[in-house]
Amino acid sequence: MSTPVEQARSRSTNASMKEEDRNPGVDKLMTTTILDYVHPDDEEKGESGEAVQGSTISSSVDEAYEIVGEVKVEYTLEEQREVRKKIDKVVPGLLAVVYLSQYLDKTSLSYSAVTGLPITGSQYNLVSMSFYLGYLIWEFPTQWIAQKVNPTMYLGFNIVAWSVCLALHAAAPNFAPFFALRFLTGMFESVVAPVLIMTIVAFYPREEQAVRISSFYLMNGFAEIFGGLLAWSITFYTGNSIAHWRIIYIILGGLALLVGIVVMIWLPASPTSARFLNEKEKRVALERVRSNASGTVQHRFKPHQAVEALKDTKVWLNLALVIVVSVPNGALSNFSSIIIKNLGYD
């Protein structure tokens, strides 16, 4: 007896053939259905190991299945452009602001170090390390949580959480609490890059992803410019009521809080939850990314995909590249201001 997945795939093929008979002149942008991406290991199985008759197909695929279904949606080139334009007006900009906020918060230690932060020497070295320690320890658990819930809502929650930690830096001039706050900030920020990439993949086909990803990595440069100007402008404050380094953390914490609230309200996790798209546009947006064969939002962990990734040479090469880039980046982001000051620049 055929399994539910096989039955659905058969219905999908027959429906597609009928659609072609009705519309012989329509250009076919994609002929693959979502069910073609269902791995045999994803079928629900009983104690005997056989697929359970009547199991729900949508439990084996992502939420896009709820809207697109088994048969591809036809759309014109003009409709595709209109949908992409709507997505471009919202998604890349919000992701760029998130990345800008994260980088500013990550480098805030460097700015505070030259504006009177009382933590110096070896204690400063340990404090700078604590951020990356929290980042490293919490990276995998936070991704597991992000998969189980709405990823962009979870991202917004983490931004709000680290904004509170950042503002509390201003009330922690001693080593122990400062170390703990930097550790927690690193934990909360570890979710950013993966969720940003997930969001890009959910909205854009592969040939459009590189440009959109570069749009938020550009924020590294803007963050350096803005952070330097902020630290410089604060030095013009001559009052005695609050130290310069405390002002930096209060301002950056407030900005991060604003970004977190905006993300929770306006950033969708995928086309299925994009309020700026109508139902037809959502279906077109999902068809645009069908060729990615990676889905949009999937709340179920699939071991066979993890094994496949571990066997992929490109994954390990990318890991090596990230390590090579991150080692000097970690040092420069925490010590660049100190280095410049020691060169004789005020």
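Everything here concerns the structure above.
Now for a quick tour of the structure. Every value quoted in this text rests on a predicted model; they were computed, and no experiment measured them. (Residues numbered from 1 in each chain as written. Predicted model: local features only at pLDDT ≥ 70, side-chain atom pairs only at ≥ 80, totals over all residues. Heavy atoms only, no water.)

## Brief notes about the overall build of the protein chain
Summing up its helical and strand segments, the protein chain has 14 helices and 0 strands in all. For the protein chain, the sequential pattern of α-helices and β-strands runs α-α-α-α-α-α-α-α-α-α-α-α-α-α. For the protein chain, the residues scored as buried account for 42% of the 346 residues in total. Taking as baseline every contact in the protein chain between residues at least 6 positions apart, the subset at least 24 positions apart corresponds to 81%. For the protein chain, the computed accessible surface area is about 18000 Å², with 65% contributed by carbon and sulfur atoms. (Helix = DSSP H or I, 4+ residues; strand = E, 2+ residues; numbered from the N terminus. Buried < 20%, exposed > 50% of the residue type's maximum accessible area, 1.4 Å probe, protein only. Contact = heavy atoms within 4.5 Å. Areas by Shrake-Rupley, 256 points an atom, 1.4 Å probe, with all protein chains shown as cover.)

## Describing the environment of Gly186
Structurally, Gly186 is set in helix α7 (residues 175-189). On the basis of relative accessible area, Gly186 is assigned to the buried category, the value being 0%. Along the sequence, Gly186 and Ser130 sit 56 residues apart, while their C-alpha atoms lie 7.6 Å from each other. Excluding residues within four positions of it along the chain, Gly186 makes contact with Phe131, Gly134 and Tyr135.

## Remarks on the side chain of Ser190
Looking at where Ser190 falls in the secondary structure, it is placed in the loop between α7 and α8 (192-203). Its relative accessible area of 0% is what places Ser190 among the buried residues. Engagement of the side chain of Ser190 in a polar contact is seen with the backbone oxygen of Met187, the distance being 2.6 Å. With residues up to four places along the chain from it excluded, the contact list for Ser190 reads Tyr135, Trp138, Glu139, Thr142 and Gln143. (Polar contact = N/O pair within 3.5 Å; in protein donor to acceptor, adjacent residues only side chain to side chain.)

## Let's talk about a nonpolar patch on the surface
A contiguous nonpolar surface patch, about 710 Å² in accessible area, is contributed by Leu218, Phe222, Ile225, Leu229, Trp232 and Phe236. Structurally, the position occupied by Phe236 is in the loop between α10 (219-234) and α11 (244-266). (Patch = residues over 30% accessible without salt bridge, like charges linked within 9 Å, V, L, I, M, F, W, Y side chains within 5 Å. Salt bridge = Lys/Arg side-chain N within 4 Å of Asp/Glu carboxyl O.)

## Digging into the packing of aromatic side chains
On inspection of all chains with the given rule, the structure shows 11 aromatic pairs. Seen in terms of ring centroids, Trp245 and Tyr249 are 6.3 Å apart; in terms of plane orientation they differ by 80°. Their pairing is edge-to-face. Of this pair, Trp245 and Tyr249 both sit in helix α11, 4 residues apart, roughly one helical turn. You can call Tyr249 buried: its relative accessible area is 0%. What links up through ring pairs into an aromatic cluster is the set Tyr99, Phe216 and Tyr217. (Phe/Tyr/Trp six-rings, centres within 6.5 Å; stacked < 30°, edge-to-face > 60°.)

## Description of the side chain of Ser108
Note that Ser108 resides in helix α4 (residues 108-113). When residues no more than four places from it in sequence are discounted, the contact partners of Ser108 are Leu166, Arg182, Tyr249 and Leu252.

## Regarding the nonpolar core
Residues Val98, Leu155, Phe178, Leu196 and Phe216 are the most contacted members of the largest nonpolar core, which totals 58 residues. Tallying contributions element by element places helix α3 (residues 77-106) first for this core, with 10 residues. Discounting residues that sit within four places of it in the chain, Phe178 has contacts with Leu109, Leu117, Ile119, Val127, His169, Ala172, Trp245 and Tyr249. (Core = buried A, V, L, I, M, F, W, Y, C linked by side-chain atoms within 4.5 Å.)

## A closer look at the pattern of salt bridges
Scanning all chains against the criterion turns up 6 salt bridges. Between Glu279 and Lys282 there is a salt bridge, and its shortest N-O distance comes to 3.6 Å. Separated by 3 residues within a single helix, Glu279 and Lys282 lie in helix α12 (residues 279-288), roughly one turn from each other. With its nearest N and O atoms 3.3 Å apart, the salt bridge here joins Lys314 to Asp312. You can call Asp312 partly exposed: its relative accessible area is 26%. Shared partners join several salt bridges into a network, and the residues in it are Arg84, Glu208 and Arg288.

## Comments concerning the packing of α10 against α11
In the contact formed by α10 and α11, the axes pass within 10 Å of each other and the chain directions differ by 135°. When the axes of α10 and α11 are compared, the pair comes out oblique. Along this stretch, α10 crosses α11, giving a crossing that reads as right-handed. Here Phe226, Leu230, Ala231 and Ile234 of α10 come into contact with α11, specifically with His244, Ile247, Ile248, Ile251, Leu252 and Leu255. (Axes fitted to C-alpha atoms, helices over the stretch in contact; angles between N-to-C directions. Parallel < 35°, antiparallel > 145°, perpendicular 65-115°, else oblique. Left-handed = near helix turned anticlockwise from the far one by under 90°.)

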